[in-house]
Amino acid sequence: MEIQVILQQMLMLFAMMVTGYVIWKIEWFDENAYQRLSKVVVNILNPILVVNGVIGKDSGGDASLLLENLGFVAFFYLLLTAVSFVLVWALRPPMAQRRLYRLMAIFPNVGFMGIPVITSIYGSECMIYIVFYMLGYNLLLYTYGLFLAKKAAEDAGNTAHGNGGRGQWKRMVNPGVIFSLLAVVIFLSRLQMPAPIISFCGYMGNATIPLSMLLIGMSIAKSDLKPIFTDGRIYGFTAVKMLALPIAAIILLRPLQADPVIFGVFALQLAMPVGNIVTLIAKECGADEAACTNGIVLSTLASILTIPLVCMFL
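Quick summary incoming for the structure in this document. (Residues numbered from 1 in each chain as written. Predicted model: local features only at pLDDT ≥ 70, side-chain atom pairs only at ≥ 80, totals over all residues. Heavy atoms only, no water.)

**Examining the packing of helix H12 (residues 232-253) against helix H13 (residues 260-270)**
For step 1, the next point in the chain: At a minimum axis distance of 8 Å, the contact between H12 and H13 shows a crossing angle of 155 degrees. The angle between H12 and H13 falls in the class roughly antiparallel. When you trace H12 past H13, the crossing you get is right-handed. Taking contact as the criterion, the partners of Lys241, Leu245, Pro246, Ala249, Ile250 and Leu253 in H12 are, on H13, Phe263, Phe266, Ala267 and Leu270.
For step 2, the next point in the chain: The residue makeup of the contact of H12 with H13, split by class, is nine nonpolar, no polar and one charged. (Axes fitted to C-alpha atoms, helices over the stretch in contact; angles between N-to-C directions. Helix = DSSP H or I, 4+ residues; strand = E, 2+ residues; numbered from the N terminus. Parallel < 35°, antiparallel > 145°, perpendicular 65-115°, else oblique. Left-handed = near helix turned anticlockwise from the far one by under 90°. Contact = heavy atoms within 4.5 Å. Nonpolar A, V, L, I, M, F, W, Y, C, P; charged D, E, K, R; others polar.)

Have a look at this one:
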């Protein structure tokens, strides 16, 4: 794997993040505009990008690869759940934050950050493999993730948001899930799309990556960086979660001789920063969302260097 090419890709994405950071600092965007653009990217552009990644791809002979990918997806979430307990035991965060650290460990940014990073390395052909990580993410987030956030609120002595998990089953039916399932159907059925639809999905999907990076840059600009950079526990969490874990997984699982793209997607998803939605879930349930924000910002900034380092072992 060409590390120089990967580093160039990460620097390009980082430049987009810096652009978003500057846009926020010069006040071209306010909170209302940020929220509205975020909704457009999450609910329209990102789902279209998922479908665009599978249009025209032939599933012939790839059934075994999809099953192999499903096995890696299941192991991915089982591994992160197990590691979350180890991280809490090793880092010993305050009681009110222990389940939040587990939340951050289990739910990396497999879509918002994962799609642009992984497709920039492996191309849009790997999108069908990313889709299953997103489906598993939604299923787990609105069940076990909400359970952890509600328990974290109780640990902090806050029971005022006790109904934060209400309607979680309905929330699993969202554009991301719907379009992910649609992508699977299109891929397996080899459904041929008219040229105008292909062009539409291409143009709309291509807008996702720069806009996603702009939003991540704005979210960093909104944060108070001083407490983040002075929290040693977050440094330890980031080092283990984004560097030690994916590198160890690559070394230990390499003898399996899995498909290189499927294995690469798995390893890079392990190296993704904390998902932005973790803060929203924590806030909704009344937990200490500041701890999650710290983890999101530091891990996102660190990913510019840690992801190329992980790629060196692939």
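**Side note on the environment of Lys150**
For step 1, the next point in the chain: The topology assignment puts Lys150 in helix H6 (residues 127-155).
For step 2, the next point in the chain: Owing to a relative accessible area of 30%, Lys150 belongs among the partly exposed residues under this scheme.
For step 3, the next point in the chain: A sequence separation of 51 residues divides Lys150 from Arg99, and the C-alpha atoms of the two residues are 9.2 Å apart. (Buried < 20%, exposed > 50% of the residue type's maximum accessible area, 1.4 Å probe, protein only.)

**Topic: the nonpolar core**
For step 1, the next point in the chain: Among the nonpolar cores identified, the biggest contains 105 residues, and Tyr133 and Phe266 are the most heavily contacted of them.
For step 2, the next point in the chain: Broken down by element, the residue count for this core peaks at 17 residues, all from H6. (Core = buried A, V, L, I, M, F, W, Y, C linked by side-chain atoms within 4.5 Å.)

**Quick notes on the pattern of salt bridges**
For step 1, the next point in the chain: If you walk through the whole model with that rule in mind, you get three salt bridges.
For step 2, the next point in the chain: For Asp155, the salt bridge identified is with Arg99, shortest N-O distance 2.5 Å. With Asp155 in helix H6 and Arg99 in helix H4 (residues 95-106), the pair connects residues that are 56 residues apart, well separated along the chain.
For step 3, the next point in the chain: Owing to a relative accessible area of 29%, Asp155 belongs among the partly exposed residues under this scheme.
For step 4, the next point in the chain: In this structure, the salt-bridge partner of Glu154 is Lys151, at a minimum N-O distance of 3.6 Å. (Salt bridge = Lys/Arg side-chain N within 4 Å of Asp/Glu carboxyl O.)

**So, the packing of aromatic side chains**
For step 1, the next point in the chain: All chains considered together, the criterion is met by eleven aromatic pairs.
For step 2, the next point in the chain: Ring geometry for Trp24 against Tyr34: centres 6.2 Å apart, planes inclined by 80 degrees, an arrangement best described as edge-to-face. One end of the pair, Trp24, is in helix H1 (residues 3-25); the other, Tyr34, is in helix H2 (residues 31-52), with ten residues separating them in the sequence.
For step 3, the next point in the chain: When the ring centre of Phe85 is taken as origin, the NZ or CZ atom of Arg102, which lies over that ring, is 3.7 Å away. (Phe/Tyr/Trp six-rings, centres within 6.5 Å; stacked < 30°, edge-to-face > 60°. Lys NZ or Arg CZ within 6 Å of the ring centre and 35° of its normal.)

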